[in-house]
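A structural walkthrough
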Amino acid sequence: MLQPSDFEEDHPLPGIGHNQPPEEVNTETLAWEPPDSLRILACPRVPVLKCPATIPAKYWLDIKERGNLQAINPCCYDPNELEIDAWYSSPAQAATGVPNSYKLYCSCGRTHARFMGGGGDVRPKWETR
Amino acid sequence: MASYVKYNIVVENIGNKVYDFFGTTDTFKVCIHTDAPVVATDAVLADLTQIGGSNGYTTGGEDVQNDATRTTGTLTFTGSDIVWTASGGNLGGSTTGRYFSMYDDTPTSPADPLWSYWDYGATFTVATGETMTFDTGANIFTFT
């Protein structure tokens with residue numbers, strides 16, 4: 001009597017009784033948002049220099065002037081190499097309509113996060129169509 | 001600043017003259033920690049579980065370069081942005097941060113009294129060469 005296993009060797013059926021290799025995701029980077037994150041994307045990722053909103057220069061100058069340059073790639077504080085998105089840290093923050101977190105993504109693959117602990121400053125916000 | 005939360009002990013410490021906001025008398029620092037703050041009972045830095053003191057993170061956090069001014073009946077507390085750079089591995093080693101807390105590093109009794117915390121909204125890992133900036137804005141808080 002034929003069994004299903006008689007067919008599997010010649011015609012393997014992906015996903016049925018076969019373990020598919022999990023998609024590899026790098027979770028050890030600031031780019032990663034864990035599944036239990038409360039954060040909400042406020043503004044989509046765009047090139048810094050093409051952003052509809054003006055991004056303050058300190059967003060990359062802080063990396064250059066206050067960071068450890070022995071560990072940071074020079075491209076990471078070159079606005080030509082950076083993309084940016086904006087986040088709300090929580091649903092309550094989203095209700096205010098004011099982002100309080102930004103991420104800068106460098107062409108080298110590294111991510112730089114900026115968390116707005118203070119206030120009274122400009123918080124860039126944009127839309128794309 | 002929807003994410004700014006003051007620890008309950010602050011009002012008692014103000015009454016006991018624990019903090020000095022003006023000039024360089026007291027040094028306020030911001031640290032990164034893993035445990036969720038308990039505003040009702042957390043009172044000093046030792047009540048928090050910081051990320052590991054390695055790969056660019058110094059236990060105790062960084063000086064926020066604080067100062068304060070008064071205009072009529074409002075005190076404005078200011079500081080300078082802090083940038084942590086991961087070097088030689090993930091910031092804090094195998095630990096992952098989520099919260100920032102500010103405290104006064106100068107008093108000895110109580111030692112390192114807390115002031116406020118902020119929730120990033122998720123655990124984060126700062127990989128080698130990446131940075132986490134705590135932006136102090138035009139002011140960290142105002143007090144009336």
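Up top is the structure.
Predicted, not measured: the structure shown is a model, and the values here were computed from it. (Residues numbered from 1 in each chain as written. Chains lettered and ligands numbered in written order. Predicted model: local features only at pLDDT ≥ 70, side-chain atom pairs only at ≥ 80, totals over all residues. Heavy atoms only, no water.)

This part takes up the overall build of chain A. When helices and strands are counted, chain A shows 3 helices and 4 strands. Going from N to C terminus, chain A has its helices and strands arranged as α-β-α-β-α-β-β. Burial statistics for chain A: of 129 residues in total, 41% are counted as buried. In chain A, 61% of the contacts between residues at least 6 apart in sequence involve partners at least 24 apart. Total accessible area computed for chain A in this model is approximately 7,700 Å², and 52% of it derives from carbon and sulfur atoms. (Helix = DSSP H or I, 4+ residues; strand = E, 2+ residues; numbered from the N terminus. Buried < 20%, exposed > 50% of the residue type's maximum accessible area, 1.4 Å probe, protein only. Contact = heavy atoms within 4.5 Å. Areas by Shrake-Rupley, 256 points an atom, 1.4 Å probe, with all protein chains shown as cover.)

So, about the overall build of chain B. Assigned secondary structure in chain B consists of 1 helix and 10 strands. Expressed as lengths along the three principal axes of its C-alpha atoms, the size of chain B is roughly 45 × 30 × 30 Å. Within chain B, the proportion of its 144 residues that are buried is 53%. Within chain B, contacts between residues separated by at least 24 positions form 74% of all contacts whose residues are at least 6 apart in sequence. For chain B, the accessible surface area stands at approximately 5,600 Å², while carbon and sulfur atoms represent 48% of it.

Time to look at the packing of aromatic side chains. Considering all chains together, one arrives at 23 aromatic pairs over all chains under this definition. The interplanar angle of 35° and the centroid separation of 6.0 Å between the aromatic rings of F21(B) and F28(B) together place this pair among those described as tilted. You'll find F21(B) and F28(B) in the same group, each marked buried. Note on F100(B) and F124(B): the rings are 5.9 Å apart at their centroids and 20° apart in plane angle, and the pair reads as stacked. Of this pair, F100(B) sits in strand 7 (residues 97-104) while F124(B) is found in strand 8 (residues 114-124), placing the two residues 24 residues apart along the sequence. The same class applies to F100(B) and to F124(B), which are both buried. A cation over a ring is seen here: R39(A) above Y120(B), with NZ or CZ 3.9 Å from the ring centre. (Phe/Tyr/Trp six-rings, centres within 6.5 Å; stacked < 30°, edge-to-face > 60°. Lys NZ or Arg CZ within 6 Å of the ring centre and 35° of its normal.)

In total, this model carries 0 disulfides over all chains according to the counting rule given. C51(A) provides the cysteine sulfur closest to C43(A), a residue in no disulfide bond, and the two sulfurs are 7.6 Å apart. (Disulfide = S-S within 2.5 Å.)

This brings us to unusual backbone geometry. All names here are of chain B. Omega for the bond connecting S109 with P110 falls within 30 degrees of zero, at 5°, which places this linkage in the cis form. Position of P110 among the secondary structure elements: in the loop between strand 7 and strand 8. Phi at Q65 takes a positive value of approximately 55°, unusual for a residue other than glycine. Even without being glycine, D112 reaches a positive phi, approximately 55°. With respect to the secondary-structure elements, D112 resides in the loop between strand 7 and strand 8.

The next subject is the pairing of strand 8 of chain B. Within a regular strand, the side chains alternate between the two sheet faces. All names here are of chain B. Most of strand 8 is tucked away, with 10 of its 11 residues classed as buried. When strand 1 (residues 4-6) meets strand 8, the two strands line up antiparallel, connected through 3 bridges. Across the sheet, residue V5 finds its bridge partner in strand 8, namely Y117. Relative to strand 8, strand 7 is paired through 6 bridges, and the arrangement is antiparallel. Paired with Y103 across the strands is L114, a residue of strand 8. (Pairing = 2+ DSSP bridges.)

Moving on, we come to empty space enclosed by the protein. Once rolled over the atoms, a probe with the size of a water molecule shows which space is left empty. Residues and elements named next belong to chain B. The final tally for this structure, using the stated rule, is 1 cavity of 30 Å³ or more. Forming the boundary of the largest cavity are I51, L91, T95, T96, G97, F124, T125 and V126. When its residues are assigned to classes, the lining of the largest cavity shows 4 nonpolar, 4 polar and no charged. (1 Å grid on protein atoms, 1.4 Å probe; cavity = no way out; pocket = protein on both sides within 12 Å on 5 of 7 lines; lining within 4 Å. Points joined across faces, edges and corners; volume = space filled by probe spheres on them. Nonpolar A, V, L, I, M, F, W, Y, C, P; charged D, E, K, R; others polar.)

What follows covers the interface of chain A and chain B. Taken together, the contact pairs 36 residues of chain A with 35 residues of chain B. Taken together, the two surfaces of chain A and chain B that pack against each other cover about 2,700 Å², and 51% of this comes from carbon and sulfur. On the chain A side of the contact with chain B, L30(A), R66(A) and F115(A) bury the most area, a combined 23% of that side's loss. In this assembly, chain A and chain B are joined by 4 salt bridges. For K58(A), the salt bridge is made with D135(B), and the minimal N-O distance between the two is 3.3 Å. Linking chain A to chain B there are 23 residue pairs in polar contact (both at pLDDT 80 or more). Only helix 2 (58-66), helix 3 (91-96), strand 3 (101-106) and strand 4 (111-119) of chain A provide two or more residues apiece to the side of chain A that touches chain B. (Buried area = accessible area lost by both parts, 1.4 Å probe. Salt bridge = Lys/Arg side-chain N within 4 Å of Asp/Glu carboxyl O. Polar contact = N/O pair within 3.5 Å; in protein donor to acceptor, adjacent residues only side chain to side chain.)

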